[in-house]
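Structure assessment
Given next are the chains, with one letter for each unit.
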Amino acid sequence: MSPLSKVALATSCMLAMSAGTAPAASSITLVNGDGASVGFNDSTAVAPVLNNPGTTLGQQRLNAFEAAMSFWEEKIDSDVDIQVRASWVAKFCGPRSATLASAGPRTVHRDFAGAPRANTFYVSALASSYTGTDVNGSTVDITTTFNSQLDSDPNCLGGRGYDYRINPSNPSSLTVASTVQHELGHGLGFLTLVDKDTGELFRGRDDQFSAFLEDAPSGRSWSNMSNAQRAASAVSNGDLVWNGPLATAQSNFLTAGTNAGKAEMFAPTTIQGGSSVSHFSDQLIPNELMEPRSSVPQGNWMTLKAMYDMGWRGNPCLTSDLPDDQWVMFSLECVPPVDENTVADILGDDITGIYDDSWIVFEYSPAAAGAYIKLALTDEMQVGKGYWIGQFGGAATVLDVPDDSIRTPSPIACGTRLKCFELPLRTVTGDVGFTLLGNPFRRDIPLNDMQVRTDSGTCIDGCSLVEADANGVVFPKLYTYNGATEVYDLLDGGDILSARAGAWAATVAGAEGLNPRLSLTRSSL
């Protein structure tokens, strides 16, 4: 390795805030950078919060970090352990604004074996994923620091403090696990090494991020600009875009924050330290994980596609466990490509054994004999449907979808800027009507967030499940099957419909003619 192939860095990106279940595809290890009784080692007693059972402040911080690391472990592939050194230190924090955290890679590398692009610098974690060896040796891949003031200074953001809940249905802008996800994104490569004031390339070469930056009006990439042109583009406020093909192909999901069909980058008319260029624009709707300011709700689809543009390998969709000798109610959370959407494509590549012998798939069809249809290997599977999958005499396995599957489409159907997916509910004249539906999204959906919509009557503009029950449309509960106990679990009120889960919904006698639909909000996916 030549002396220029590996370069140590002293760069980071910052996240600001203003008031107003599967085996990992990679392994990320936290290196505790805190001293005794501070940061991760703070023994201050606290009460457990949602999905975070820690009883000390330090343990809750560790739990939140581990949850965020698990997110990235499942989305990127690497056989080499990624090490993150993290610590809690005092940073700027005022009554109305604060620096929550900062992070960045420790070293960058170029022209390593298998590099996606020649003469281009890559962060060490990404480089190692291609070489299959740790290009960093004993040096950690990522360093990150978090602002300890939020938990100790009553004048810091009015004393609100961090939110240590994990995977809440209503995250706040101070939810630590989300902030860690953002900072790790920078350390994994979502940042430029270009001098944003002068436009000068780092050591005269592209980096894995700047190679995909473009000036929308001219269509010229940063790789083909002069220093002066790059410096002007960095403050072009709406004209700087991401031109990676994978993210661009998905930009139709954005209802704001695009230019020439591509996602805008954060390029205000005045350079803002660690924020300018190395983030998506704060004008994107829906909000994205890698925007410069913590905002909710936020998604991560464009972020992941940009990471794959840069060279990371992985799948933004989910994986789930399929146990042996159990029936499972299953759904798809992403849309497979049209040439890879059959039972054989989606499930047959994961499950060993002979179809119809050791495993089988059924869909509900009330008009069929026995009310079920056994699918053939060549039958297509659809988002929004629930399926029964059974595996017997085989081995527990992990189910996934093809890597080039796309995010579930969801037109604006809620009467708001939130995006929804509507599932038609079957009705039966004078009787109960059952629908085997599936969660179409990549995260759990609280039943309290579900809406029932009809073509007429009280629920024309949307009702909660409880309201729809009171108005004679649907029962207010869903039913999911527990394969381990072989009984149905009743979901209501504060319960959730898990990602990749199927469930029964039921309309009541008299709902016929109303065309009821279950509207599932994608407000924070």
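Our structure's up above, just so we're on the same page.
Residues numbered from 1 in each chain as written. Predicted model: local features only at pLDDT ≥ 70, side-chain atom pairs only at ≥ 80, totals over all residues. Heavy atoms only, no water.

1. A look at the overall build of the protein chain
The helix and strand tally for the protein chain stands at eight helices and 33 strands. In terms of C-alpha radius of gyration, the protein chain reaches 24 Å, essentially the compact-globule figure of 24 Å for 525 residues. When the accessible surface of the protein chain is totalled, it reaches about 20,600 Å², and 50% of it is carbon and sulfur. (Helix = DSSP H or I, 4+ residues; strand = E, 2+ residues; numbered from the N terminus. Rg over C-alpha atoms; globule rule 2.2 N^0.38 Å. Areas by Shrake-Rupley, 256 points an atom, 1.4 Å probe, with all protein chains shown as cover.)

2. Brief notes about the state of the cysteines
For the structure on display, the rule yields three disulfides. A disulfide bridge connects C317 with C334, and the sulfur atoms are separated by 2.0 Å. Across the disulfide from C317 to C334, rotation about the S-S bond amounts to roughly -110°, and the bridge is consequently left-handed. Linking C317 in the loop between α6 (301–310) and β17 (320–322) with C334 in strand β19 (residues 334–335), this pair joins segments that are 17 residues apart in sequence. No difference in accessibility class separates C317 from C334, as the two residues are buried. With a sulfur-sulfur separation of 2.2 Å, C459 is cross-linked through a disulfide to C463. (Disulfide = S-S within 2.5 Å. Buried < 20%, exposed > 50% of the residue type's maximum accessible area, 1.4 Å probe, protein only.)

3. Structural notes on the sheet that holds strand β12 (residues 240–242)
Strands sit in the order β11-β10-β12 across an open sheet of three strands; the sheet is antiparallel. A strand with exactly one partner marks an edge of an open sheet, and here the two such strands are β11 (220–221) and β12. In terms of strand pairing, strand β10 (residues 213–215) meets β11 through two bridges, oriented antiparallel. Among the inter-strand pairings, D215 is bridged to a residue of β11, identified as R220. (Pairing = 2+ DSSP bridges.)

4. Description of the environment of V335
Looking at the secondary structure, you find V335 in strand β19. Taking C-alpha positions, V335 is 5.3 Å from S405, a pair spaced 70 residues apart along the chain.

5. With respect to the packing of aromatic side chains
The full count for this structure, using the stated rule, is 26 aromatic pairs. Taken together, a centroid distance of 5.0 Å and an interplanar angle of 65° make the contact between F190 and F209 edge-to-face. Of this pair, F190 sits in the loop between α3 (176–187) and β9 (206–207) while F209 sits in the loop between β9 and β10; the two residues are 19 residues apart in sequence, bridging distant segments of the chain. One exposure class covers both F190 and F209, and it is buried. (Phe/Tyr/Trp six-rings, centres within 6.5 Å; stacked < 30°, edge-to-face > 60°.)

6. Observations concerning a negative patch on the surface
Taken together, the side chains of D77, D79, D339, D403 and D404 define an acidic patch exposed on the protein surface. One can find D403 in the loop between β23 (397–399) and β24 (406–407). A relative accessible area of 53% places D403 in the exposed class. (Patch = residues over 30% accessible without salt bridge, like charges linked within 9 Å, V, L, I, M, F, W, Y side chains within 5 Å. Salt bridge = Lys/Arg side-chain N within 4 Å of Asp/Glu carboxyl O. Lys, Arg positive; Asp, Glu negative; His and termini not counted. Charge placed at Lys NZ, Arg CZ, Asp CG, Glu CD.)

7. With respect to the pairing of strand β3 (residues 28–32)
The pairing of β3 with strand β4 (residues 82–89) spans five bridges and is classified as parallel. Its bridge partner being in β4, N32 is matched across the sheet by A86. In this region the chain leaves β3, passes through helix α1 (residues 57–75) and returns to the parallel neighbour β4; the handedness of that crossover is left-handed. (Right-handed = clockwise from strand over helix to strand, strands pointing away.)

8. Considerations on α1
Working note: α-helix, 3.6 residues per turn, so residues spaced by three or four point in the same direction. Helix length check: α1, at 19 residues, gives a terminal C-alpha distance of 28 Å against a target of 27 Å (1.5 Å per residue), a fit within 8%. For α1, a buried count of 14 out of 19 residues is recorded, marking the element as mostly surrounded by other parts of the structure. (Expected span 1.5 Å × (residues − 1).)

9. Looking at the packing of α1 against α6
Where α1 contacts α6, the axes come no closer than 12 Å and their chain directions differ by 50°. The angle between the axes of α1 and α6 places the two elements in the oblique class. Between α1 and α6 lies a crossing whose hand is right-handed. Facing F71, W72 and K75 of α1, the residues of α6 in contact are T303, L304, M307 and Y308. For the contact of α1 with α6, the residue count by class is five nonpolar, one polar and one charged. (Axes fitted to C-alpha atoms, helices over the stretch in contact; angles between N-to-C directions. Parallel < 35°, antiparallel > 145°, perpendicular 65-115°, else oblique. Left-handed = near helix turned anticlockwise from the far one by under 90°. Contact = heavy atoms within 4.5 Å. Nonpolar A, V, L, I, M, F, W, Y, C, P; charged D, E, K, R; others polar.)

10. Comments concerning the sheet that holds strand β21 (residues 372–374)
In spatial order, the strands read β18-β22-β20-β21; together these four strands make up an open sheet with antiparallel pairing. Edge positions in the sheet fall to β18 (326–330) and β21, since each of these pairs with one other strand and no more. Geometrically, the sheet is characterised by an average inter-axis angle of 25° between neighbouring strands, direction not taken into account. Pairing geometry for β18 and strand β22 (residues 387–391), over five bridges, is antiparallel. Looking at β22, one finds that W327 is bridged to G390.

11. Side note on the environment of V398
Locating V398 in the fold gives a position in strand β23. The exposure class assigned to V398 is partly exposed, which follows from its relative accessible area of 28%. In this structure the C-alpha to C-alpha distance between V398 and G353, which are 45 residues apart in sequence, comes to 14 Å.

12. A short note on the nonpolar core
The nonpolar side chains of a soluble globular protein tend to be buried with one another. In terms of nonpolar packing, the biggest core is built from 73 residues, with W72, L188, F190, W242, F280 and W312 touching the most fellow members. Sorting elements by how many residues they give to this core places α1 first, with eight residues. Residues in contact with W72, not counting those within four places in the same chain, are S26, I28, Q181, L184, G185, L188, L289, T303, L304 and M307. Membership of the second largest hydrophobic core comes to 46 residues, among which are M381, L447, L491 and L520. (Core = buried A, V, L, I, M, F, W, Y, C linked by side-chain atoms within 4.5 Å.)

13. Considering unusual backbone geometry
Of the consecutive residues I285 and P286, the connecting peptide bond is found in the cis state with omega at 0°. Tracing the backbone through its elements, the reader meets P286 in the loop between β14 (262–263) and β15 (287–288). The phi torsion at D111 lies on the positive side, around 50°, for a residue other than glycine. Mapped onto the elements, D111 comes out in the loop between β6 (107–109) and β7 (120–123). With a relative accessible area of 35%, D111 lands in the partly exposed category. Phi at N119 is positive, roughly 55°, even though this residue is not glycine. Considering the arrangement of structural elements, one finds N119 in the loop between β6 and β7.

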